[in-house]
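Residue-level structure breakdown
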Amino acid sequence: PIVLANPIASQMAVMRTSLIGGLVGNLAFNRKRQTERVRVFEIGRAFRKRAEGGVVPGFEQPLLLGGLCAGAAAPEQWGLPARPVDFFDVKGDVEALFPPDALRFEKTAHPALHPGRAAAVLQDGRRIGSIGELHPRWAQKYELGAAPVVFELDLDAVLATPMPEFREVSRFPAVVRDIALVVPQDLSVRALRDTLEARAPAIVRDVRLFDLYQGKGLEPGQKSL
């Protein structure tokens with residue numbers, strides 16, 4: 001981080017490199033006041049040193065969009081069973097900011113995020129952010145109980161989203177094929193979809209995962225998609 005020469009307080013001695021810390025602090029403030037279900041976001045700048053050998057030396061100040069979800073997935077009600085918000089709920093929120101299938105999610109390591117539940121967000125092969133569950137050590141330090149799910153995106157990438165374009169509806173009824181593929185446990189769904197879509201004829205409009213089975217009837221180390 002960028003160190004300040006004359007900070008106004010000892011805990012503010014460096015410039016922030018991420019919005020996640022402020023969002024987690026906001027959650028901790030709410031938790032101490034008995035607010036369990038929290039949804040917060042922030043748009044603001046982070047401050048970072050440019051990589052060594054860069055074209056322009058010095059600092060960069062990207063505008064970021066950060067968000068945090070904690071507590072129950074839905075408000076308390078009779079129509080849905082209670083469950084905590086999870087990675088896939090927030091992944092869906094992030095995907096809703098972009099056109100369908102515009103983003104890819106790849107496993108990553110991030111100092112603020114759980115080592116096995118974090119992903120890099122990529123658009124056209126370029127990393128534009130991160131998403132994941134808060135690291136257990138930070139959840140414990142801030143006395144949060146269950147860890148929240150957070151994301152952080154480059155705001156420029158969000159604002160550059162193109163408008164949808166009209167495409168003529170087919171005159172023929174859709175044909176749906178349900179195919180079960182048994183694959184190794186460590187094969188990602190994204191890699192499988194990439195292969196299927198690359199080999200699919202032009203008549204195929206969509207390839208979608210709707211089920212995951214692991215257990216009786218399959219060899220160890222396998223899953224059915």
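See the structure printed just above.
As a starting point, this report considers the structure included with it. All figures in this text were calculated on a predicted structure; none of them were measured in a lab.

Remarks on the environment of Ser-170
Assignment of secondary structure puts Ser-170 in the loop between α4 (155-159) and β9 (182-184). Within the local environment of Ser-170, its side chain forms a polar contact with the backbone nitrogen of Phe-172, the two atoms lying 3.1 Å apart.

Some words on unusual backbone geometry
You will see that Asp-124, though not glycine, has its phi angle at about 55°, which is positive. Of the residues examined, Asp-124 reaches a relative accessible area of 77% and is grouped as exposed. A positive phi angle, close to 55°, is found at Glu-143, a residue other than glycine. For Glu-143, a relative accessible area of 65% translates into the label exposed.

Topic: the pairing of strand β6 (residues 113-123)
Within β6, 8 of the 11 residues are buried, which leaves the element mostly enclosed by the surrounding structure. As judged from the 5 bridges shared by strand β5 (residues 103-107) and β6, these two strands associate in the antiparallel manner. Each bridged residue has a counterpart across the sheet, and for Leu-103 the counterpart in β6 is Gln-123. The hairpin formed by β5 and β6 contains 5 residues between the paired strands. Here β6 runs beside strand β7 (residues 126-134); their pairing, made up of 7 bridges, is antiparallel. Paired with Gln-123 across the two strands is Arg-126, which belongs to β7. Between β6 and β7, which pair antiparallel one after the other, the connecting turn spans 2 residues, and Asp-124 there sits at a positive phi close to 55°.

Side note on the packing of aromatic side chains
Tallied over the entire structure, the rule returns 1 aromatic pair. Above the face of the Phe-29 ring, Arg-33 is positioned so that its terminal group lies 3.7 Å from the ring centre.

A word on the environment of Ile-43
As for its position among the elements, Ile-43 is in strand β1 (residues 38-45). Residue class for Ile-43 comes out partly exposed when judged on its relative accessible area of 46%. Sequence-wise, Ile-43 and Phe-87 are 44 residues apart; in three dimensions their C-alpha atoms are separated by 21 Å.

Notes on the side chain of Lys-223
Locating Lys-223 in the fold gives a position in strand β10 (residues 222-224). Among buried charged residues, Lys-223 stands out as having no salt bridge; its nearest opposite-charge side chain is Asp-186, 7.2 Å away. There is a polar contact of 3.3 Å between the side chain of Lys-223 and the backbone oxygen of Gln-185. Apart from the residues within four sequence positions on either side, Lys-223 is in contact with Leu-181, Val-182, Val-183, Pro-184, Gln-185, Leu-187, Leu-212, Tyr-213, Gln-214 and Leu-218.

Description of the sheet that holds β6
If you trace the 6 strands from one edge of the open sheet to the other, you get β1-β4-β8-β7-β6-β5, paired in antiparallel fashion. Where the open sheet ends on each side, the last strands, each with one partner, are β1 and β5. Neighbour to neighbour, the strand axes of the sheet diverge by 20° on average, direction disregarded. Across 5 bridges, the pairing between β7 and strand β8 (residues 149-154) is antiparallel. When the bridges of β8 are listed, Ile-131 appears paired with Phe-151. Against the sheet, helix α1 (residues 20-31) touches β1, β4 (63-70), β7 and β8, its axis set at about 30° to β4.

Quick look at a nonpolar patch on the surface
Side chains of Phe-41, Ile-43 and Leu-63 sit close together on the surface and give an oily, nonpolar patch of about 300 Å² of accessible area. Within the fold, Phe-41 resides in strand β1.

Observations regarding the pairing of β8
If a strand is regular, its side chains alternate between the two faces of the sheet. With 5 of 6 residues buried, β8 is to be regarded as a mostly interior element. Strand direction decides the pairing type here: β4 and β8, joined by 6 bridges, are antiparallel. Each residue of the ladder has a partner; that of Cys-69, found in β8, is Val-149.

Some thoughts on helix α2 (residues 87-95)
Residues of α2 that are buried include every one of Phe-87, Val-90, Lys-91 and Val-94, and no others. The arc that holds every buried residue of α2, seen down its axis, measures 105°, which confines them to one face. For α2, the elements touching its buried residues are β4, β5, β6, β7 and β8. Among the residues of α2, the N-terminal cap falls to Asp-86, whose side-chain oxygen and the backbone nitrogen of Phe-88 are separated by 3.1 Å.

Criteria and cut-off values
- Residues numbered from 1 in each chain as written.
- Predicted model: local features only at pLDDT ≥ 70, side-chain atom pairs only at ≥ 80, totals over all residues.
- Heavy atoms only, no water.
- Helix = DSSP H or I, 4+ residues; strand = E, 2+ residues; numbered from the N terminus.
- Polar contact = N/O pair within 3.5 Å; in protein donor to acceptor, adjacent residues only side chain to side chain.
- Buried < 20%, exposed > 50% of the residue type's maximum accessible area, 1.4 Å probe, protein only.
- Pairing = 2+ DSSP bridges.
- Phe/Tyr/Trp six-rings, centres within 6.5 Å; stacked < 30°, edge-to-face > 60°.
- Lys NZ or Arg CZ within 6 Å of the ring centre and 35° of its normal.
- Lys, Arg positive; Asp, Glu negative; His and termini not counted.
- Salt bridge = Lys/Arg side-chain N within 4 Å of Asp/Glu carboxyl O.
- Contact = heavy atoms within 4.5 Å.
- Axes fitted to C-alpha atoms, helices over the stretch in contact; angles between N-to-C directions.
- Patch = residues over 30% accessible without salt bridge, like charges linked within 9 Å, V, L, I, M, F, W, Y side chains within 5 Å.
- Areas by Shrake-Rupley, 256 points an atom, 1.4 Å probe, with all protein chains shown as cover.
- Arc of directions from axis to C-beta.

Keep in mind that these numbers describe shape and distance, not what the molecule does.
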